[in-house]
Amino acid sequence: MDNIVIETRQLTKIYGEQTVVNEVNLHVRKGRIYGLLGRNGAGKTTIMKMILGLSSVTSGEVDVFSQTIKGNEKYIYPRIGAIIETPGFYPNLTGTENLEIFAKLRGTSRPNAVKEALGVVGLPYRDKKVFSKYSLGMKQRLGIANAILHDPELLILDEPTNGLDPIGIAEVRSFIQDLCVKRGKTVLISSHILSEISLLADDIGIIHNGVLLEENSLAELHKRNSKYILLQVSDTAKAVLLLERRFHVKEYSVQDTHTVLLYDTDLDMAEINKALMLENISVISLQLCNDTLEDYFKKVTGGEGIA
Ligand SMILES: Nc1ncnc2c1ncn2[C@@H]1O[C@H](COP(=O)(O)OP(=O)(O)OP(=O)(O)O)[C@@H](O)[C@H]1O
Ligand SMILES: [Mg+2]
């Protein structure tokens, strides 16, 4: 498909006895920010390394720009910018000097590439501070500047906000959004912090023990996890019939023989209760619920949650 920039099919990585990435099918769409969310050790870095050819694939396939990574890398990788773990910068050179070296190595022809990249991440151009004197936040920024130096179409950023303070995180978030919205870049970003991903990403993949448990747009996840009325009754079939006829309920889902979720939260719960009882339908429970995204992640990752 044209609008898919990265697609993995049954992507699997096995180290010894351990399957660390298990048949993952992920889809990163053009011009969008895809957040790969998972706890420590979930397999995020390994997936990114396989996409970038930094780690061999045990089985399955990776397509980038609609080309399967197998011999086409020479044409594909110049179109990608990545930070996976800290890049090797020279400690005794300044940020500008470091980037100038990387620009030469990569054959970046644009004359202002270094200045522009530093500007995007908010680092000064041609200042005197050497890399070894940089704070962690500045190092992270330089890493991102290095990744965007050659103006790639696709950015793969492995936990780029690790170790940043809240203001630093907000700034990085804002320039990643700018890169996507103003410059049309596609971004695959990983994090173990739900709040960070939910403020940034358009689409989310939840990875747990190497398995992609869910892949969806943030909007869809929010919709699914908003307010609802939980109704537990002796007979859902009879209850639903009554709700449809008497209360004109259309938006609902039957969960099991005793449970129905009603998505219209303006319904009069007392009236519903009364009507059900008059029809001899026992009401076990009737309550307004407000599932947050966090509750949802806890549920899909087996109770412990993320972050
Ligand atoms: N070279 C390796 N040899 C053996 N096992 C490895 C290797 N690299 C990673 N693993 C294992 O693979 C699993 C996934 O690791 P990975 O680094 O992909 O997780 P992650 O989601 O990036 O975690 P974190 O949030 O801590 O960065 C872990 O159990 C890790 O120990
Ligand atoms: Mg990692």
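Within each chain, residue numbers correspond to sequence positions counted from 1 in written order. Labels are handed out in written order, letters beginning with A for the chains and numbers beginning with 1 for the ligands. Local features are withheld for residues below a pLDDT of 70 in this predicted model, meaning they are given only at 70 or higher, and side-chain atom pairs are given and counted only at 80 or more; totals for whole chains, interfaces and linings count all residues. Side-chain metrics rest on all non-hydrogen atoms present in the structure, leaving aside hydrogens and water.

J.: What should I look at first to understand the overall build of the protein in this one?
T.: A count of helical and extended segments in the protein gives eleven helices and 15 strands. In this setup the radius of gyration rests on C-alpha atoms only. A globule is expected at 2.2 Å times the number of residues raised to 0.38. The C-alpha radius of gyration of the protein comes to 24 Å, more than 25% above the 19 Å expected for a compact globule of 307 residues. With the C-alpha coordinates of the protein rotated into their principal frame, the extents come out at 80 × 40 × 35 Å. Across the 307 residues in the protein, those meeting the buried criterion constitute 47%. The contact definition used throughout considers only heavy atoms, calling two residues in contact when any of these lie within 4.5 Å. Put simply, 69% of the contacts in the protein that link residues at least 6 apart link residues at least 24 apart. A distance of 7 Å separates the average location of the 35 positive side-chain charges in the protein from that of its 38 negative side-chain charges. Starting at the N terminus, helices and strands are each numbered in turn, a helix being any DSSP run of H or I of at least four residues and a strand any DSSP run of E of at least two. Relative accessible area decides the class of each residue, using a 1.4 Å probe on protein chains only: under 20% of the type maximum gives buried, over 50% gives exposed, and in between gives partly exposed. Lys and Arg are tallied as positive, Asp and Glu as negative. Neither His nor the chain termini are counted. Lys charges are placed at NZ, Arg charges at CZ, Asp charges at CG and Glu charges at CD.

J.: What's the story with the site of ligand 1 in this structure? I'm lost.
T.: For ligand 1, the full set of nearby residues is Tyr15, Gln18, Val20, Arg39, Asn40, Gly41, Ala42, Gly43, Lys44, Thr45, Thr46 and Glu159. Polar contacts here mean pairs of N or O atoms no more than 3.5 Å apart (in protein, one a potential hydrogen donor and the other a potential acceptor; neighbouring residues in sequence count only if both atoms are side-chain atoms). With respect to ligand 1, the side chain of Gln18 contributes an N or O atom lying 3.3 Å from an oxygen atom. Within the side chain of Thr45, an N or O atom sits 2.7 Å from an oxygen atom of ligand 1. Here the accessible surface of atoms and residues is derived via Shrake-Rupley with a 1.4 Å probe, and residues count as covered only by protein chains that are part of the display. Coverage of ligand 1 by the protein chains reaches 60% of its 640 Å² of free accessible surface. Among the elements of the structure, β2 (18–24) and α1 (44–51) are those that each provide at least two residues to the shell around ligand 1. Among the elements that take part in the shell around ligand 1, α1 stands out by supplying three residues, more than any other. For the shell around ligand 1, a count of residues per class yields three nonpolar, six polar and three charged. Any residue with a heavy atom lying within 4 Å of a molecule or strand is counted as near it. Polar here means any residue outside two lists: the nonpolar Ala, Val, Leu, Ile, Met, Phe, Trp, Tyr, Cys and Pro, and the charged Asp, Glu, Lys and Arg; Gly therefore counts as polar.

J.: Teacher, can you tell me more about the domain arrangement of the protein here?
T.: Note: interface size is frequently given as the accessible area lost on complex formation between the parts. Parsing the protein into structural domains produces domain 1 (4–222) and domain 2 (228–290). Spacing between the C-alpha centres of domain 1 and domain 2 amounts to 46 Å. For the domain bounds, the source is a domain assignment made automatically or taken from a database.

J.: Quick question: what am I supposed to make of the environment of Pro111 here?
T.: The topology assignment puts Pro111 in the loop between α3 (95–105) and α4 (113–121). Note: C-alpha distance between Pro111 and Arg29 (82 residues apart in sequence) is 30 Å.

J.: Help me understand the nonpolar core, please; the structure alone is not making it clear to me.
T.: Grouped burial of nonpolar side chains is what soluble globular proteins tend to show. Formed by 45 residues in total, the largest nonpolar core has its most connected members in Ile176, Ile204 and Phe297. Judged by nonpolar contacts, the second largest core, of 28 residues, contains Met50, Val62, Leu188 and Ile207. Buried residues of nine kinds, namely Ala, Val, Leu, Ile, Met, Phe, Trp, Tyr and Cys, make up a nonpolar core once their side-chain atoms join them within 4.5 Å.

J.: Just checking my understanding: could you explain the pairing of strand β10 (residues 203–208) for this structure?
T.: Across the six residues of β10, six count as buried, placing the element largely inside the fold. Of the two faces of β10, the one holding Asp203, Gly205 and Ile207 and the one holding Ile204, Ile206 and His208 are both buried throughout. In terms of strand pairing, strand β4 (residues 33–37) meets β10 through four bridges, oriented parallel. Each bridged residue has a counterpart across the sheet, and for Leu37 the counterpart in β10 is Ile206. Relative to strand β11 (residues 211–217), β10 runs antiparallel, the two being bridged by six bridges. Its bridge partner being in β11, Ile204 is matched across the sheet by Asn216. Here, any two strands with at least 2 DSSP bridges between them count as paired. The loop that links β10 with its antiparallel partner β11 comprises two residues; one of these, Asn209, has a positive phi angle of about 50 degrees.

J.: Help me understand unusual backbone geometry, please; the structure alone is not making it clear to me.
T.: One non-glycine residue, Gln10, lies in positive phi territory at about 50 degrees. Relative to the elements of secondary structure, Gln10 occurs in strand β1 (residues 4–15). Gln10 sits in the partly exposed class, given a relative accessible area of 41%. Non-glycine residue Ser66 carries a positive phi angle of around 65 degrees. Mapping Ser66 onto the fold places it in the loop between β5 (59–64) and β6 (67–68).

J.: Looking at this structure, how should I read empty space enclosed by the protein?
T.: Empty pockets left among the atoms are what a rolling probe the size of a water molecule brings to light. Here a cavity is any set of points on a 1 Å grid over the protein atoms alone where a 1.4 Å probe fits but cannot get out, and a pocket is any open set with protein on both sides within 12 Å along at least 5 of 7 lines; a residue lines the site when it has an atom within 4 Å of a point. Grid points are joined across faces, edges and corners, and a volume is the space filled by probe spheres set on the points. Here the structure, examined in full by the defined rule, presents one cavity of 30 Å³ or more. Of the pockets and cavities examined, the largest cavity occupies roughly 60 Å³. If you go around the largest cavity, the residues you meet are Arg110, Ala113, Glu116, Ala117, Val120, Ile148, Leu149, Asp151, Leu179, Arg183 and Lys185. Top contributing element to the lining of the largest cavity by residue count: α4, with four residues.

J.: Would you mind showing me how to read the environment of Asp63 here?
T.: You can see Asp63 is positioned in strand β5. The sequence separation of Asp63 and His27 amounts to 36 residues, and the corresponding C-alpha distance is 9.6 Å. What Asp63 contacts, discounting residues up to four positions off in sequence, is Val5, Ile6, Glu7, Arg9 and Thr68. Within the structure, Asp63 has its side chain in polar contact with the side chain of Arg9 (distance 3.1 Å).

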